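# Structural overview for review
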Amino acid sequence: MTVTYTSRVATARFGGFSQLLLLWRGSIYKLLYRELLLFLTAYLGLSLAYRFLLSEAQKRLFEKLVLYCDKSANLIPISFVLGFYVALVLERWWGQFRSVPAPDGLMVAVAGNVHGADARGRILRRTLMRYGSLAALLVLRAVSTAVYKRFPTTDHLVEAGFLTREERRRLEGLRSPYNKFWVPCAWFGALAGQARREGRVRDDCALKLLMEELNRFRGHCSLLFHYDWISVPLVYTQVVTIAVYTFFVTCLIGRQFLDPAQGYAGHELDLGVPVFTLLQFFFYVGWLKVAEQLINPFGEDDDDFETNTLIDRNFQVSMLAVDELYGEVPTLERDRYWDAASPQAPYTAAAAPLRQPAFRGSAFDVALAKEEMQFQPLEDIGETLGDTLEPPPRPAPGTFTRRFSLLHRKNSAGSERGLSPEPAPGSPPTPATPGDGDSLGGDTAVLLGDTPGGGSGPHDCWLLHPTIDDMV
């Protein structure tokens, strides 16, 4: 049911999309022509009634109503509401497509890790993949009307070969009101464990790989089921629909052409048919119809997912991979480029003009003059930098040593006071000295070099990166 036009737009050319405008299946014309005809018929009916059925007094009253509706229609934020809604629906549509379960990873894991060319190994692999196909079918049967019409009951699943009668009895015997797509996944896990005990799965790493692929496959089934369960909030859909329909009901009256003799502003021309209003209807209502088609891609519209084709493809491919292709490896032969140091695949005459040189990086396109590619002596580079950057003044030798000695004396004094006996009761307290830790000003003076007799020169500061002369 999907309309594919990819080959028509493979190459961009003048008017490339214009050739798509004549397609009918899956087109906007097919979705919209009924609504467009209804709107045009209603508009022309009001126009004819205004021109030929109303009296002069009634015409004046109708003209006032037209002017009021034309002014009020601009108050409806149709572009804002509809744009966000369609963007949300389109993102949801792509997410639903990505959640459709595909058995490719599972079938490769089964074919490579469940061993045995005898009948027992064959039935194990085929049954494992049949359980995977059954889980996907139970989900698609629950969300797609096309699949449900194909398999309406479990008897049809038995007749189609996805279920055995014993499996159907066990499936229907489970007392659960919920969808049972997870049951074949549980059977898959139990059968994989049995194959491990029989030695068909040779180690626990292979069994772990099988279970990881199964969980990934089951996750897609669960996500697809929840997409069907949790819809776009109904209030959002209602708001968008009411906004669009209200806008164009207002336009039915507000966009009428009035008698030019009355001198109304903007009504100097009487065309009879509102061309640009019809285009506006085509774009806005067409946008809404696009959202209506994409919100559930598992129906029977022209652009809905071909779920029955997916079921046929997945079931056939998975059985071929684990049965007929099991253990089959083509005879090893030397390829035609065996002795070639740098093999290159040939081009046909049609593809030869498309051959391009190898891309090495965008910087390789930079062109340099020959004199600009000569290395320069580092001394010249240093002098050039020195001419533009003024180096910071260097501190006088010994400054770092003086600062360090002051801090050392301060710490030593504090240590000595910490080891001295406590003063006797009643004795006067010892006055604080600069740098003894009892005064913020004293510590700051020591750290900054503002000590008695030390002076405060331009380089009286801590050097985080001292030179060799400063550390002497």
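This is a predicted model, so every value here is computed, not measured. (Residues numbered from 1 in each chain as written. Predicted model: local features only at pLDDT ≥ 70, side-chain atom pairs only at ≥ 80, totals over all residues. Heavy atoms only, no water.)

## Remarks on the environment of G193
- Summarising the element assignment, G193 is placed in helix α9 (residues 182–198).
- Looking at G193, the relative accessible area reads 16%, which means it is buried. (Helix = DSSP H or I, 4+ residues; strand = E, 2+ residues; numbered from the N terminus. Buried < 20%, exposed > 50% of the residue type's maximum accessible area, 1.4 Å probe, protein only.)

## Some points on the pattern of salt bridges
- Under the defined criterion, the tally for this structure stands at 22 salt bridges.
- Close ionic contact of R200 with D118 constitutes a salt bridge, the shortest N to O distance being 2.8 Å. Here D118 lies in the loop between α4 (104–113) and α5 (119–143) and R200 lies in the loop between α9 and α10 (204–229), a separation of 82 residues in the sequence.
- A relative accessible area of 16% places R200 in the buried class.
- Taking the relative accessible area as the measure of exposure, D118 reaches 38% and is therefore partly exposed.
- Residue R122 pairs with D323 through a salt bridge whose shortest N-O separation is 2.9 Å. On the criterion of sequence distance, the pair formed by R122 in helix α5 and D323 in helix α13 (residues 307–324) is long-range, its members being 201 residues apart. (Salt bridge = Lys/Arg side-chain N within 4 Å of Asp/Glu carboxyl O.)

## Quick notes on helix α1 (residues 28–52)
- Here α1 spans 35 Å end to end across 25 residues, near enough to the 36 Å set by a 1.5 Å rise per residue.
- The sharpest bend along α1 reaches about 35° and sits at R34.
- Buried within α1 are the following residues: L32, F39, Y43, S47 and Y50.
- Against the buried residues of α1 lie α2 (56–72), α11 (234–254) and α12 (275–294). (Expected span 1.5 Å × (residues − 1). Bend = angle between axes of the 7 residues up to and from the residue. Contact = heavy atoms within 4.5 Å.)

## A look at the packing of aromatic side chains
- Scanning the model with the defined rule gives 21 aromatic pairs in all.
- Plain terms: the ring middles of Y131 and W187 are 5.5 Å apart, the flat faces sit at 55° to each other, and that makes the pair tilted. Within this pair, whereas Y131 is found in helix α5, its partner W187 is found in helix α9, the two being separated by 56 residues in sequence.
- Ring geometry for F181 versus F225: centroids 5.9 Å apart, planes at 40°, classification tilted. Taken together, the residues span a long stretch of sequence, with F181 in the loop between α8 (165–173) and α9 and F225 in helix α10 at a distance of 44 residues. (Phe/Tyr/Trp six-rings, centres within 6.5 Å; stacked < 30°, edge-to-face > 60°.)

## What about the packing of helix α3 (residues 78–98) against α12?
- For the pair α3 and α12, interaxial distance at closest approach is 9 Å and the crossing angle is 25°. It follows from the interaxial angle that α3 and α12 lie roughly parallel. Between α3 and α12 lies a crossing of left-handed hand. Every residue of α12 that contacts α3 at I78, S79, L82, G83, Y85, V86, V89, L90, W93 and Q96 is listed here: Y284, W287, L288, A291 and L294. (Axes fitted to C-alpha atoms, helices over the stretch in contact; angles between N-to-C directions. Parallel < 35°, antiparallel > 145°, perpendicular 65-115°, else oblique. Left-handed = near helix turned anticlockwise from the far one by under 90°.)

## Things to note about a nonpolar patch on the surface
- Taken together, the side chains of L44, V273, V275, F276, L279 and F283 define a hydrophobic patch exposed on the protein surface, amounting to about 580 Å² of accessible area.
- The element that contributes the greatest number of residues to the nonpolar patch is α12, accounting for 4 residues. (Patch = residues over 30% accessible without salt bridge, like charges linked within 9 Å, V, L, I, M, F, W, Y side chains within 5 Å. Areas by Shrake-Rupley, 256 points an atom, 1.4 Å probe, with all protein chains shown as cover.)

## Regarding the side chain of S99
- Here S99 shows up in the loop between α3 and α4.
- Contacts of S99, omitting those with residues within four sequence positions, involve H220, L223, L224 and Y227.

## So, the environment of F315
- Checked against the element boundaries, F315 lands in helix α13.
- With sequence-adjacent residues up to four places away left out, F315 is seen in contact with S133 and F162.

## What to know about the state of the cysteines
- In this structure the tally under the stated criterion is 0 disulfides.
- Lacking any disulfide linkage, C69 is separated from the closest cysteine sulfur, that of C251, by 9.3 Å.
- For C69, a relative accessible area of 12% gives the class buried. (Disulfide = S-S within 2.5 Å.)

## Side note on the confidence of the model for the protein
- Per-residue confidence for the protein gives a mean pLDDT of 85, with 81% of residues at or over 70.
- Confidence drops under pLDDT 50 across residues 400–424; counting only partners more than four residues distant or on other chains, this segment forms 24 contacts.
- Residue range residues 431–461 is modelled with pLDDT below 50. Its contacts to residues more than four positions away, or to other chains, number 38 contacts. (pLDDT = per-residue confidence, 0-100.)

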